[in-house]
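Analysis of the macromolecular model
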Amino acid sequence: MSKTSPDTTTNDVAEILQQKFPDSIHPDDREGYSGIVVSPDSLVEVAQSIRDDFRYNLLTSLSYVDYIDEDFFEVVYHAYDTVKGGPALNFKARTPRSQATLPSLTGVWPSANLQEREAWDLMGIHFTGHPNLKRLLTWEGFEGHPLRKDWKEPFYEEDKKPFKSRWPEGRPDRAESRLPYGMNVQYPPGFTPDGWSPEGESALYDSLSTPMTGSGVDVQAIKTDQLVVNMGPQHPSTHGVFRMAVTLDGETITRLEPVVGYLHRNHEKIGERNTYLGNMPYTDRLDYICSMSNNLAYAMTIEKMMGQEVPERAELLRVLVVELTRIVNHFWLIGFLLNDLGAFFTPALYAILERELIVDLFEALTGSRMMCNYMRFGGVAYDLPPYIGGPAVKPGDKARHMDTMKFIKDLVYERLPRAIDQLDNFLTQNEVLVSRCKGVGILPPEAAVACGVTGPVLRASGVPYDIRRSDPYSIYNELDFDVAVRYNCDTYDRYLIRLDEIRQSLRILEQIIPGLEATEGQEYWAGKRGYNVRVPTGEHYGHADNPKGELGFYVVSDGTANPYRYHIRAPSLINITALEEMCRGLKVADSVVILGSLDIVLGELDR
Amino acid sequence: MSNEAVSLHNPDYPVPEELRHNIAITTLDRIYNWSRARSVWPMLFGLACCAIEMIATAAARYDPARFGMEVMRPSPRQADLMIIAGTVTKKMVPQIVRLYNQMSEPRYVIAMGACASGGGPFKEGYSVVDGIDKFIPVDVYIPGCPPTPQALLQGFITLHEKIEGQSITTVPWYRKGEGEAIPVPVLGPDLIDPRQTALIRNVASQPPDTSDAAQEPATD
Amino acid sequence: MYGLGIIKGLGITIKHFANTYVEDFKQGIKRYTAEDRFTARQGLEAQGLFTVQYPEEKIAVPERFRYIPFLVVNDDDHPDAPGQPWCTSCGICSKVCPPQCIWIVRSTDPETGRPKPEPQEFYIDIDICMNCGYCAEFCPFDAIKMDHDYEISSYDRTSAHIYDLQKLTKPLSYWRTIAPTRAEEERTAREAKEAAKAEKAKK
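Residues numbered from 1 in each chain as written. Chains lettered and ligands numbered in written order. Predicted model: local features only at pLDDT ≥ 70, side-chain atom pairs only at ≥ 80, totals over all residues. Heavy atoms only, no water.

1. What to know about the overall build of chain A
Quick note on the threshold: We count a stretch as a helix when DSSP gives it H or I for four or more residues in a row; a strand needs E for two or more, and each element gets its number in order from the N terminus. When we talk radius of gyration, it's over C-alpha atoms, and the globule rule is simply 2.2 Å times the number of residues to the 0.38. For every residue, the accessible area obtained with a 1.4 Å probe (protein chains only) is divided by the maximum for its type, and the residue is called buried under 20%, exposed over 50%, and partly exposed between those limits. Two residues form a contact once any of their heavy atoms are found within 4.5 Å. What sets the accessible areas is the Shrake-Rupley method with a 1.4 Å probe; for residues, cover comes only from the shown protein chains. Charge convention: Lys and Arg are scored as positive, Asp and Glu as negative, and His as well as the terminal groups of each chain are ignored. One atom stands in for each charge, and that atom is NZ of Lys, CZ of Arg, CG of Asp or CD of Glu.
For chain A, the helix and strand inventory stands at 19 helices and 18 strands. Here the C-alpha atoms of chain A give a radius of gyration of 25 Å, agreeing with the 25 Å that 2.2 N^0.38 yields for 607 residues. Along the three orthogonal principal directions, the C-alpha set of chain A runs to about 65 × 65 × 65 Å. Here chain A holds 607 residues, and 66% of them are scored as buried. Contacts spanning at least 24 positions in sequence make up 68% of the contacts within chain A whose residues lie at least 6 apart. Accessible surface, chain A as shown: approximately 19,900 Å² in total, 51% of it carbon and sulfur. Charge separation in chain A, taken as the distance between the mean sites of 62 positive and 85 negative side-chain charges, equals 4 Å.

So, in structure tokens, the structure goes:
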């Protein structure tokens, strides 16, 4: 067994792997690409070696690309080392388009589970050995695999934006007027709706109602039946349109299956048609509570590919808004976690109040409360406005006038610390919160890493893995902050770690403010500031530590103005891999709280 | 609201001068609508980004309790107003139609934001419904992506104006016979609207349009 | 101790409730009428009631606020060309628009058949527009701007939600009202550009 020394780099690992598996590994030497290509036959073996010998224990991202000209699909894996940190080990496997089959890696990393299902759903790659290879984001019976390059949607206009029909002869048409149905639908030739019955629901319930062995209850002996209960997609506690089907034994959960895709908005298909810059406002709508953080992750990915430098003031502004976003997100989460615990809306009101003040700043800075669209390649779109507020124009308008720097200082030094102390004071020792959360929903560190869980949820399981420290970006390595970590792995710790993270974010913000004052008037957007961004050929996986976990963008450029592939590694989706593990054996009411503490947002989960 | 049509005491009926301060005359319509418009209970039901702004509207700063709308009901049976707050996907639309059918009349629908109105920025995508009004009747459309809380409140006021313009003699929910439920769409190879079955059969029986099918896939 | 959480929770609610009246007592009616008090009521120092009494009072939106775009035209009292749109129909806005909701028909001179720098037709489908502001950001002529009017809900979308040239145009004075600082900055920038151009022409 080859052991790695502490200073082994990713390149060394790739070389050692090649020596170990000379026949099945070759480096990816296409221009702009990196990593190794593994032959499908030995993929599982190599993956095991990567996990066990080289300690890349966290498989974060599984991306898939349709290289239609070369006639193969490529699945790209990115594995990280949660102990040592550092960049990803990037390995790939290829399969011909006509017979797309690859071995499943769910046995090595359970985090591949949902991502492989997604790849099957959207690209039609069959993963042998996958325990539950069903469609994820679309539904059973859906025709085609939408992310294949030769698959066209009903409202298809052109492959690339900008569409030619918009200018100079742009007569508006509503896309539905082009189709006989008047709607965004299409059917395969010869399809007849008579006698069609949707198969997905019954298949789902059948798979769940098979008796479980090893649940500790002898179902036959006590002559009881297990009950399959559906929660969602319209349910007040599922934070959007999330749905889970749970098998209950009495009130105890024996199995749980998340059913997602109710907010699948084809970000990736649209992203491949859009220009690089055009994708920026779409990233706002991924995790719509944290649009700034999404902007940053995407902007950094493309900047890295372009080799674009970012001026200092822009970095400071970026960290300012991103950490404020983290605070917004955690306030929101704490408010709604209490909602799930039964304190209907009162704590949330106080949390939303603080959010309102922060979004006031965002609105004055960027023009929109939620969909900030603030970052650009090479900087940010605007500098800080002189004051917060605007002129009274409409009847009834009341103008506000608050100096921006003073507002930020008051917010960071006074208001937010006070608000977080208040939440801490009222909630942390609250007996309902303690008794409902302590010891509930245990996620052991090994399971968390195996399931690919990232972000505060992973850190609450005792794994101090924070991308801001392990693979530093922006100016985080110049900033002094601690990676918040908690060791009890339960829901209570997942609540506490949010408080810790808000305090650390405030600490970061306190260090940012002097810099903002010192760099006033400096450049905040370097580069050409053009709308037509050209990115050199190649691939890149960029990631950032978002409030919900690791948000990654895997972008493949073919040198044109539009990305060839635009894959989003959504933390919310991969975090729910661990949901069943956390809920099994607990009461059904606990699943609501556990889901609340996982902090999912559907815009990102379903994309 | 100082709007003439909205004010309750507006008799259109000659009241003697000496009685003006002692009696109020209103029509049955007006008092019926006045009370309805001030207790519209929305359904606690969010879809996407707009739901966050809807929740922000329901919080302390914008306080819909001032309009009698703070009681968000998670059950469609108790709700009067469905706010379609966000992108409607094909996978979600059967549930929405079912929820709408379960609401008791009088019921109202607000399409909040561009996505709910007409598909929004995601309209071109394959799994998005291009406007919820293809399936259920919408009373008020609020443009914006997302509409700010103040825009949503203005949408509420617009809805109140609509409610106040209705007449008890013509409203559909007092007519004889049962109202017809909207057929719930089915998830097939694509979303199937049961009302379009005949059309789908017709189109499918025609030979496929070769000009579209022969299109070359993207190569550059 | 059981019940302490409830007492603490009720305590904060009562405190918040009472604060409103304490503030009312201290400031009197001015709390709701004086202009500067609104900033205090809606800022970081807010005590007690935080509610904006929409529609009687509305939070004025900041200058950078983005909603539906509009096209800038000359004011009616412009000496040379009142009502002349600034748009040259160069098509940049329709190219950068991420959801592609802008349609432009370029004008052509009826005699020469050559394109003229003004739009013949201009449409924005506000059911697609995502309010991202790229059109305004990248317009080289300051001709398209993001409107601040968010009170545009309607009963019908089929006829009302594709904005045409007539519905989109608003005079420059309107832009000066809703965004005075930015309009002034843009004017200075334009004048500097003109001056530079004239300087170059002289040489």
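Additional details are given in the paragraphs that follow.
2. Notes on the interface of chain C and chain A
The parts lose accessible area when they come together, and the size of an interface is often stated as this lost area. As a reminder of what qualifies: Summed over both partners, the accessible area lost on bringing two parts together, with a 1.4 Å probe, is the buried area. Each reported salt bridge corresponds to a side-chain nitrogen of Lys or Arg within 4 Å of a carboxyl oxygen of Asp or Glu.
Residue-level contacts link 67 residues of chain C with 70 residues of chain A. Taking both partners together, chain C and chain A bury about 5,800 Å²; carbon and sulfur atoms supply 55% of that area. Sorting the residues of chain C by area buried against chain A places C:Leu44, C:Arg64 and C:Trp103 first, and these three jointly supply 15% of that buried surface. For the interface between chain C and chain A, the tally reads 6 salt bridges.

3. A word on the sheet that holds strand β7 (residues 169-171) of chain C
Residue and element names in this part refer to chain C. What counts here: By this definition, two strands are paired if DSSP reports at least two bridges between them. Helix axes are fitted only over the stretch in contact, all axes being lines through C-alpha atoms; the angle between N-to-C directions runs from 0 to 180 degrees.
Taking strand neighbours across the sheet as the criterion, the 3 strands line up as β5-β2-β7 in an open arrangement whose pairing is mixed. The sheet is open, and its two edges are formed by β5 (144-146) and β7, each paired on a single side. Neighbour to neighbour, the strand axes of the sheet diverge by 50 degrees on average, direction disregarded. Where strand β2 (residues 69-73) lies against β7, 3 bridges are found, and the strand directions are parallel. In the strand pairing of β7, Leu71 is matched with Thr169.

4. Section: the confidence of the model for chain A
Put simply, the rule reads: Confidence scores per residue from the predictor, reported as pLDDT, run from 0 to 100.
Taken as a whole, chain A shows an average pLDDT of 87; of its residues, 96% reach a score of 70 or greater. Across residues 1-6 of chain A the pLDDT falls below 50, and counting only partners more than four positions away or on other chains, this stretch makes 10 contacts in the model.

5. Things to note about the interface of chain B and chain A
Note the threshold: Here a polar contact is recorded for every N or O atom pair within 3.5 Å, except that within protein the pair must consist of a potential hydrogen donor and a potential acceptor, and residues adjacent in sequence are included only if both atoms are side-chain atoms. Classification convention: Asp, Glu, Lys, Arg as charged; Ala, Val, Leu, Ile, Met, Phe, Trp, Tyr, Cys, Pro as nonpolar; all other residues, Gly among them, as polar.
The interface of chain B with chain A comprises 60 residues on the first partner and 78 residues on the second. Between chain B and chain A, the buried area comes to about 6,100 Å², and carbon and sulfur atoms account for 63% of it. When the buried surface of chain B facing chain A is broken down by residue, B:Lys91, B:Glu124 and B:Tyr126 rank first, second and third, together holding 15% of it. Counting every contact that joins chain B to chain A gives 8 salt bridges. A:Glu356 is the salt-bridge partner of B:Arg61, the closest N and O atoms lying 2.9 Å from each other. If you look at where chain B meets chain A, you find 29 residue pairs in polar contact (both at pLDDT 80 or more). Those elements that place two or more of their residues in the side of chain B that touches chain A are α2 (49-58), α3 (93-102), β4 (186-187), β5 (191-192) and α6 (197-205) of chain B. For the side of chain B that touches chain A, the per-class residue count stands at 36 nonpolar, 12 polar and 12 charged.

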